[in-house]
Amino acid sequence: MAKSSSATASASGAKKRKSKSGALTHEEVKSLGHELLSSRTHLNHAPTLLALLSPSAPLKIALEALISLQSFFEPLLPSIPSASAAAAEVASSDPELVFGAWLRQRFDEFVAALIELSVSPHSDDAIREVAFDAFMDFVKLGKDGRFHSAIYHKFLHAVVHATDSIDPLLELLGSKYSKYADVCYFTYTSLDKITNSLGSQTTGSGKDGLQNGDDSSENRNVICIHNIYNILVHTPALDFQKETKFDMWSTVGISLKGEKNSSEGSSATHINKRLKVKFTKAWLAFLKLPLPLDVYKEVLATIHQNVIPSMSNPAILCDFFTRSYDIGGVISVMALSGLFILMTQHNLEYPKFYDKLYALLTPAVFMAKHRSVFLQLLDACLKSSYVSAHLAASFAKRLSRLALSAPPAGALIIIALIHNLLRRHPSINFLVHWEVPQDDTNTSGEASQPKKVGADPFNNEETDPTKSGAMRSSLWEIDTLRHHYTPAVSRFVASLENDLTVRAKTSEMKITDFSSGSYATVFRDEVRRRIKQVPLAFYRTTPTSLFQESDFPGWTFEQASVEGNENSIVETSGASPAKRLAMKFTLLFWGIFCCLCCYALSKNIYARPDTVSIGALFTFNSTIGRVAKIAMAAAVSDINNDSRILPGTKLVVQMRDSNCSGFVGIVQALQFMEKDTIAIIGPQSSVLAHVVSHVANELQVPMLSFAATDPTLTPLQFPFFVRTTHSDHFQMASVADIVNYYGWKQVTAIYIDDDYGRNGISSLGDELAKRRSKILYKAAVRPGAKKSEMATVLVRVAMMESRVLILHANPDSGLALLLLARNLGMTSSGYVWIATDWLGSFLDSSPHLDMDLVSAVQGVLTLRQHTENTRKKSMLASKWSALVKRDNVDSRFLINSYGLYAYDTVWMIAHALDAFFSRGGNISFSVYPKLREIAGGGLQLGAMTVFDEGRLLLERIRQINFTGATGLVKFDSDGNLLQPAYDIVNILGTGLRTIGYWSNYSGLSTASPETLYMKPANRLRENQKLGLVIWPGETVTRPRGWVFPNNGNELRIGVPDRVSFRQFVSADNITDTVRGFCIDVFVAAINLLQYPVPYKFMMFGNGSENPSYTQLINKIQTNEFDAVVGDIAIVTNRTRVVDFTQPYIESGLMVLTSVKKHSSSGWSFLQPFTIRMWGVTGLFFLIIGTVVWLLEHRINDDFRGPPVKQIITVFWFSFSTLFFAHREDTRSTLGRFVIIIWLFVVLIIRSSYTASLTSILTVQQLTSPITGIDSLVASDEPIGFQIGSFAENYLLHELGVSKSRLRALGNPDEYKRALELGPGNGGVMAIVDERPYIELFLLEHPKFAVVGSEFTKSGWGFAFPRDSPLAVDLSTAILELSENGDLQRIHEKWLNDRMTEPQSQTNELESDSLQVYSFSGLFLICGVACVITLAIHAGILVHKYCEHAASSQQAALSSADGSSRSSSSRSRLQAFLSFADRREIDTRRASKEKAAALAGVGGDSVGGVSAVSSTTSVITTTSC
């Protein structure tokens, strides 16, 4: 009753807290969780926290509630009753039984909530992963360590019936848990039950069950079928052929209730059998469902590779495959693979298999997606010698008929298939060589009877191949391919002409070479085909032997005939028979000797010792030592029981406890040396290894350490030191990659101040420097330090700005530091703790943890050396509990990675000794000569001897290569184990979550290193991935990693004490404050930060002139200022020493000068055109007038008359076109064409002239002798610059301006005065300054102007020390100011909104006149048109003149008087010009009158004279 009342009070308290605000806050939820874990009086907090577990709940609150409930239920899980027992205990009066029933109900609710969070699509990815991991932890922690199959079945049932996408959840299941055999086993078991239940609800099967995938959203059963298939796909079939790699998620494995965990039940063979049975049942139940079409195709495409090899009895799939094969179409094609496997490997009989296969041969098969596999299977199915001749002929004929319509690639496959058929079945070769007699028309016979000419007896439509008539046909279709348009096909047909009856002469063609062909492959092969060329060899004389005598001086080549055969006998000149006989005996003797040596080596006749003793030196009572002791003992036992390693020799390991003392360790190492030890395992400590390695080097005794990870223990200094684990160099590289992945630039290192700690942190500093990060503070802890000393160190660490803490220590000091850090509040939100692998090995070995320690390590990231899941590892893990009990140790502990490396170290020595003895190694020792000089005293130094064969044994150790418990054991050239990798573990609750892996091969990844080794190395930043991390303070938000140092100091902000342009920065002496545009921007950015920044402004400068900004920046380097704020330009030389924020205003150098107003003159109207343009325009006017006159002269009266008139007409017409005022009409087509083009040209010229003249007369122009920075530098005039600006250095060093030309100016008044005076009166020609200053100056003095453009681009920013994180955060704040408009409002407040970007207000003294080149295209078009029209006109004129001359000559021949003959003797040129000058209508009239006169000559001579005279008079009067 007390318990009930206290629970009621707790519940009422929770309700009161919730009622105040309506919803619980994160801190309240956290408080409820702590109360629930602290006492049973707060049990009723559990329902409150359960109510918060929903996909819609806030992420932080849901995570806090989940973690609290997980921590609450995990210790109570063994005491929670079953569901049936809980139902019976509800009505009981026993309080404990009632409590058990209540606890069961709450646990069921918690499991249901976890399933909902995992399956729901509304869950955040972070909460889904955490909820699923928590659920799988409960599955793992079933009663008595068994797999909790009941709640796992509930989970799979929810996944199968989920209506939304389950891909993210299946990815988690497949990547994290499908590698465990028990997870796969119970997955198959549950899917079998769920599928059978679903199958009873559905109807139909086979073809009737095929549904369209598009309607899956409307059918719930179809969705379930898709989900079941996806689960099966994401649960890969384990490699059942190997019986060594069955890892278990739960402790017991797949042992069922009531079954003892015997060795038989847990053996790999037994597990293999069970898995196969469950795998088979799950798939059979699934294949009985009415599968949607898309799922059906996917199953058929992969079942022969992914399912059949892993089934216990694949023959039971015959119903599924035969049903699929009978459907037809693409389903039959895809089912052929599985059916073929069942027929060939599992003796399946299918009576009508070849009938169905024959029906599948259609033209569509050569276009199918899976044609490659189908054609290969077709060839394999026809390979049997039991295929009848009728069947083989039918397939050959069917294929040849398909060749007529198949693409080129298909024709190649068909020829290859027919080639193989003819070779395998010689009885059908007659189909190739069948000849039909021309006089026989019998068609009713068999193969011996000729067929009807022109008719093919083969019936391609027949479905029964035995009735197709193929035996009476021929492969005439293949003969047509000889003329195929593809050369590859036509050439390939010739292969069928070979004699295929004798198989020894030919070989089968591989269908795989053709099955994936296409148009592209055929074309590519044809293009790549190289034409054969006949090689030629020229000899001066025909050779008679293979070698010339000159090639072998001292030897002769003689020809001798032995029994009719010619054999070459090679003799040495001068060799006698006796010498040759002696040589034979010598060679025979050496041959026998070598054979005996080889036999002796093969039989290993060297004597092996009966016992080999090696030493082991480590600390027994330590996290590593406890595990290593048992692991090494197990390794010795396994080696001595294995006859394959060290046969006839017993391995003995003598273990010594160094007791965490360096002195004791040194003494015990020396004692090993006294007893002629050939190798030592250890030491465990890096400090001790440094000392003992010197002894090992001198006495040549190999020392193999499985725990000394100091990176400075290298083979260069200590050749006999062999590290059998991974060096801290790789561990620190992984830590540096983690720091770089999360974007932290500074870390604090806490380490033990010995060789192990110092050298490891030194390696970390080197790795961070490669990634542009650094160790901000190194906090060394004295070995064996007290808690007060540790607390002092941690207090100093807390005062630093970095919150990323790297802890590199041993378990004792490391755990003490973490507990103190928790007490100091250093494990709260905002901190990042990364512990090296010491913490991972401690947690792996500890089955139970103290609650104080659990709370101290929450959210910590730690590393664990990654080891593969090998056979030896599984065997060692399975018998570990028995080994621990046999060792009679008081405490129980688990194996860790160092134990695995200790196990492999013993095997390493065994393999090396085996190779050592096999190669003749002998164990012998000799006196160390240098010890004779130190004889005397109580120390028995003379007993220490040198191992004579130590270097040989060391060499064998370096050369080992085997697979151990940790994976591949092999050394590289630097003496390091290959493939170093680490697991990255996040501590959450009482468990560990692996969030990713690091390997030296590929960096950070969520995939295991073994899978990445099979892919090309890829260390690009976008490929570096890690899983979700729960950081200290139980937050998933990545910590910032730094804060301001908690030392009470303010940031010293340097500010320039400006004299000029005080709108940017100025100091108010009255109020002792700093104000201005730059100051307001800085203050506004600081206010946007999420954390307080204490600062104070410190003025820099004398107040009489602007300070040097270079000196101001250097104050950051000298640590006088922590930052600089003001009008600081971001230039190259400054970025080398400090970091700048994002620019908050644009800047750059510009040229400011004085300008004069330019007025136009009375002759300004001539300025639009250059002189050349005026001349070319006038010339074209005359050309156009002349061309038009030539075209119109003969037909247009306006262009005729006296020469003076015509010249005036040409000038008038051409120039009048400028104003479109010409009165003359153009009648010819060519003339009009020329005028149209010319008027277009005139229009363009007039418009351009008008626009240019308007600009000259109306726009005000300002001129200056300086046009920009180039003309300013080229002149010798003085240049002004602002005091303190970087413009001085830029002009001197970048532009090479002489220092004598520069003038320093202090304020805007000096700017004005210097520009007004000018260079001749002690002023300057121009001023070079930054853009903001010039803009501000021009607002008050508009009579000056900027010339040219801005010739540098930069901006103003705030300066901070290199790698300062505050620079990054302020850059983000400045961007936010720009986006929300505050930056613009500050600009308007100080710099006036009228300040705009200055434009160049100065033009040149003369505007750009219009050049000829601007109108060259128009002039060219006009000129070409004139030339073309003149050419056409000349051709027409010549043609008409020829006609006129021919008629005139005919008239002259008809006339008998001499006058006509005298007129024909005139100059032809004169006649042509006279003809061209005539008007065209007069010429026609004269021709007609001349023809009439010629007609009247025969009747009357007087009439003829009169007619001629009349004509002549007409011609004369019409001449110009």
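Residues numbered from 1 in each chain as written. Predicted model: local features only at pLDDT ≥ 70, side-chain atom pairs only at ≥ 80, totals over all residues. Heavy atoms only, no water.

Turning our attention to the overall build of the chain. The secondary structure content of the chain amounts to 55 helices and 35 strands. Burial status across the chain gives 47% buried among its 1520 residues. The long-range share in the chain, meaning contacts at least 24 apart out of those at least 6 apart in sequence, stands at 72%. (Helix = DSSP H or I, 4+ residues; strand = E, 2+ residues; numbered from the N terminus. Buried < 20%, exposed > 50% of the residue type's maximum accessible area, 1.4 Å probe, protein only. Contact = heavy atoms within 4.5 Å.)

Core analysis: the biggest nonpolar cluster contains 159 residues, and Phe135, Tyr152, Phe155, Phe286 and Phe321 have the highest contact counts within it. Residue contributions to this core peak at 11 residues, all from helix 6 (residues 95-119). Setting aside residues no more than four positions away along its own chain, Phe135 makes contact with Val111, Leu114, Ile115, Ile151, Tyr152 and Phe155. One finds Phe1077, Phe1121, Val1125 and Val1138 within the second-largest nonpolar core, a separate group that totals 81 residues. (Core = buried A, V, L, I, M, F, W, Y, C linked by side-chain atoms within 4.5 Å.)

Another aspect to go through is the environment of Ile750. Assignment of secondary structure puts Ile750 in strand 8 (residues 746-752). Spatially, the C-alpha atoms of Ile750 and Ala779 are 4.7 Å apart, while their sequence positions differ by 29 residues. Apart from the residues within four sequence positions on either side, Ile750 is in contact with Ala779, Val781, Leu794, Val797, Ile806, Leu807, His808, Leu817 and Trp833.

Our next topic: the side chain of Glu1330. With respect to the secondary-structure elements, Glu1330 resides in strand 32 (residues 1326-1330). Among the polar contacts made by the side chain of Glu1330, one reaches the side chain of Trp1356 at a distance of 2.7 Å. For Glu1330, the residues in contact, after removing those within four places along its chain, are Ala1129, Ser1147, Gly1148, Leu1149, Ser1285, Phe1286 and Trp1356. (Polar contact = N/O pair within 3.5 Å; in protein donor to acceptor, adjacent residues only side chain to side chain.)

Here we come to the pairing of strand 12 (residues 861-865). Most of strand 12 is tucked away: 5 of the 5 residues are buried. Side chains of strand 12 alternate between two faces, with Leu861, Leu863 and Gln865 and Thr862 and Arg864 buried alike. Two strands pair when backbone bridges link them, and strand 11 (residues 832-835) and strand 12 are joined in this way by 2 bridges, in the parallel orientation. Bridging across to strand 12, Ile834 finds its partner in Leu861. (Pairing = 2+ DSSP bridges.)

All right, on to the sheet that holds strand 32 then. Strand pairing in a sheet relies on backbone hydrogen bonds. The paired strands run either parallel or antiparallel. Pairing is mixed in the open sheet, where 5 strands are placed in the order 31-30-32-27-33. Each edge of the sheet is formed by a strand with only one pairing partner; in this case those strands are strand 31 (1302-1305) and strand 33 (1344-1347). Along the sheet, successive strands turn relative to each other by an average axial angle of 35 degrees, direction set aside. (Axes fitted to C-alpha atoms, helices over the stretch in contact; angles between N-to-C directions.)

Let us look at the pattern of salt bridges. Summed over all chains, the structure comprises 36 salt bridges. Here Glu129 makes a salt bridge to Lys176, at a shortest N to O gap of 3.1 Å. Residue Glu129 is located in helix 7 (residues 125-140), and its partner Lys176 is located in helix 9 (residues 167-177); the two are separated by 47 residues in the primary sequence. Overall, Glu129 belongs to the buried group, its relative accessible area being 13%. For the salt bridge of Lys1389 with Asp1080, the shortest nitrogen-to-oxygen distance reads 3.1 Å. Of this pair, Lys1389 sits in helix 50 (residues 1382-1391) while Asp1080 sits in helix 39 (residues 1077-1087), placing them 309 residues apart in sequence. Through salt bridges with shared partners, a single ionic network connects Asp737, Glu767, Lys770, Arg771 and Arg1019. (Salt bridge = Lys/Arg side-chain N within 4 Å of Asp/Glu carboxyl O.)

For residues that are not glycine, phi is negative in most cases, and the peptide bond is trans in most cases. Cis geometry is found at the peptide bond from Gly682 to Pro683, where omega equals 0 degrees. Positionally, Pro683 belongs in the loop between strand 5 (680-681) and helix 27 (686-699). The phi dihedral of Asn659 is positive, around 55 degrees, even though this residue is not glycine. In this fold, Asn659 is placed in the loop between strand 4 (650-657) and helix 26 (662-674). Look at Glu1034: it is not a glycine, yet its phi comes out positive at around 55 degrees. Among the secondary structure elements, Glu1034 is positioned in the loop between helix 38 (1009-1012) and strand 20 (1051-1056).

Further remarks concern the pairing of strand 11. Burial along strand 11 is two-sided: Val832 and Ile834 facing one way and Trp833 and Ala835 facing the other are all buried. Alignment of strand 10 (residues 804-808) against strand 11, held across 4 bridges, turns out to be parallel. Residue Leu807 lies in a different strand from strand 11, and its bridge partner there is Ala835. For the crossover from strand 10 across helix 31 (residues 811-823) to strand 11, the handedness is right-handed. (Right-handed = clockwise from strand over helix to strand, strands pointing away.)

This part takes up the packing of helix 4 (residues 59-76) against helix 6. Contact pair helix 4 / helix 6: the axes reach a minimum separation of 11 Å and the direction vectors enclose 135 degrees. Overall, the two elements helix 4 and helix 6 adopt an arrangement that is oblique. Regarding helix 4 and helix 6, the two cross each other, and that crossing is left-handed. Taking contact as the criterion, the partners of Leu66, Leu69, Gln70, Phe72, Phe73 and Leu76 in helix 4 are, on helix 6, Leu103, Arg106, Phe107, Phe110, Leu114 and Leu117. In the contact of helix 4 with helix 6, the residues fall into 10 nonpolar, 1 polar and 1 charged. (Parallel < 35°, antiparallel > 145°, perpendicular 65-115°, else oblique. Left-handed = near helix turned anticlockwise from the far one by under 90°. Nonpolar A, V, L, I, M, F, W, Y, C, P; charged D, E, K, R; others polar.)

By secondary structure assignment, the location of Ile316 is in the loop between helix 13 (293-306) and helix 14 (318-327). A sequence separation of 32 residues divides Ile316 from Leu284, and the C-alpha atoms of the two residues are 8.4 Å apart. Beyond its immediate stretch of four places on either side in the chain, Ile316 contacts Thr280 and Leu284.

What follows deals with the packing of aromatic side chains. Following the criterion strictly, the structure yields 50 aromatic pairs and no others. Measuring from ring centre to ring centre gives 6.3 Å for Phe618 and Phe706, while their planes differ by 70 degrees; the resulting arrangement is edge-to-face. Here Phe706 lies in the loop between strand 6 (703-705) and strand 7 (721-723) and Phe618 lies in strand 3 (residues 611-618), a separation of 88 residues in the sequence. Comparing Phe618 with Phe706 shows no difference in burial state: the two are buried. Site record: aromatic cluster; members linked through ring pairs are Phe132, Phe135, Phe147, Tyr152, Phe155, Tyr177, Tyr180, Tyr185, Phe186 and Trp249. The aromatic ring of Trp907 is capped on one face by Lys872, whose charged end is 3.7 Å from the ring centroid. Stacked on the ring of Trp1042, the Lys or Arg Arg1040 has its end atom at 5.2 Å from the ring centre. (Phe/Tyr/Trp six-rings, centres within 6.5 Å; stacked < 30°, edge-to-face > 60°. Lys NZ or Arg CZ within 6 Å of the ring centre and 35° of its normal.)

Before going further, it helps to examine the side chain of Ser1066. Mapped onto the elements, Ser1066 comes out in strand 21 (residues 1066-1068). Assessed through its relative accessible area of 6%, Ser1066 is described here as buried. For Ser1066, the side chain forms a polar contact with the main-chain oxygen of Arg1062, separated by 3.5 Å. In contact with Ser1066, not counting residues within four places along its chain, are Thr1073, Val1074 and Arg1075.

Together, Leu1420, Val1424, Ile1428, Ile1432 and Ile1436 make up a nonpolar patch on the protein surface, roughly 440 Å² of accessible area in all. Tracing the chain through its elements places Ile1432 in helix 51 (residues 1416-1454). Note on Ile1432: relative accessible area 39%, which makes it partly exposed. (Patch = residues over 30% accessible without salt bridge, like charges linked within 9 Å, V, L, I, M, F, W, Y side chains within 5 Å. Areas by Shrake-Rupley, 256 points an atom, 1.4 Å probe, with all protein chains shown as cover.)

Right, let's get into the sheet that holds strand 6. The parallel open sheet is built from 5 strands, whose spatial order is 4-3-5-6-7. The open sheet has two edge strands with one neighbour each: strand 4 and strand 7.

Moving on, we get to the confidence of the model for the chain. Confidence in the prediction of the chain, expressed as mean pLDDT, is 78, and 78% of residues score 70 or more. Note on residues 203-218: pLDDT under 50 across the span, and 19 contacts to partners over four residues away in sequence or across chains. (pLDDT = per-residue confidence, 0-100.)

Further remarks concern the packing of helix 26 against helix 27. When two helices pack together, their arrangement is given by the angle between their axes and by how far apart the axes lie. Contact geometry for helix 26 and helix 27: axes closest at 10 Å, N-to-C directions at 20 degrees. What the angle tells us is that helix 26 and helix 27 run roughly parallel. The hand of the helix 26/helix 27 crossing is right-handed. Residues Gly662, Gly665, Ile666, Ala669, Leu670 and Met673 of helix 26 form the contact with helix 27, whose own contacting residues are Leu688, Val691, Val692, Val695, Ala696 and Leu699. The residue makeup of the contact of helix 26 with helix 27, split by class, is 10 nonpolar, 2 polar and no charged.

With that settled, the discussion passes to the environment of Val252. Position of Val252 among the secondary structure elements: in the loop between helix 11 (220-234) and helix 12 (268-287). Exposure remark for Val252: the relative accessible area of 18% places this residue in the buried category. A C-alpha to C-alpha distance of 5.3 Å links Val252 and Arg146, two positions 106 residues apart in sequence.

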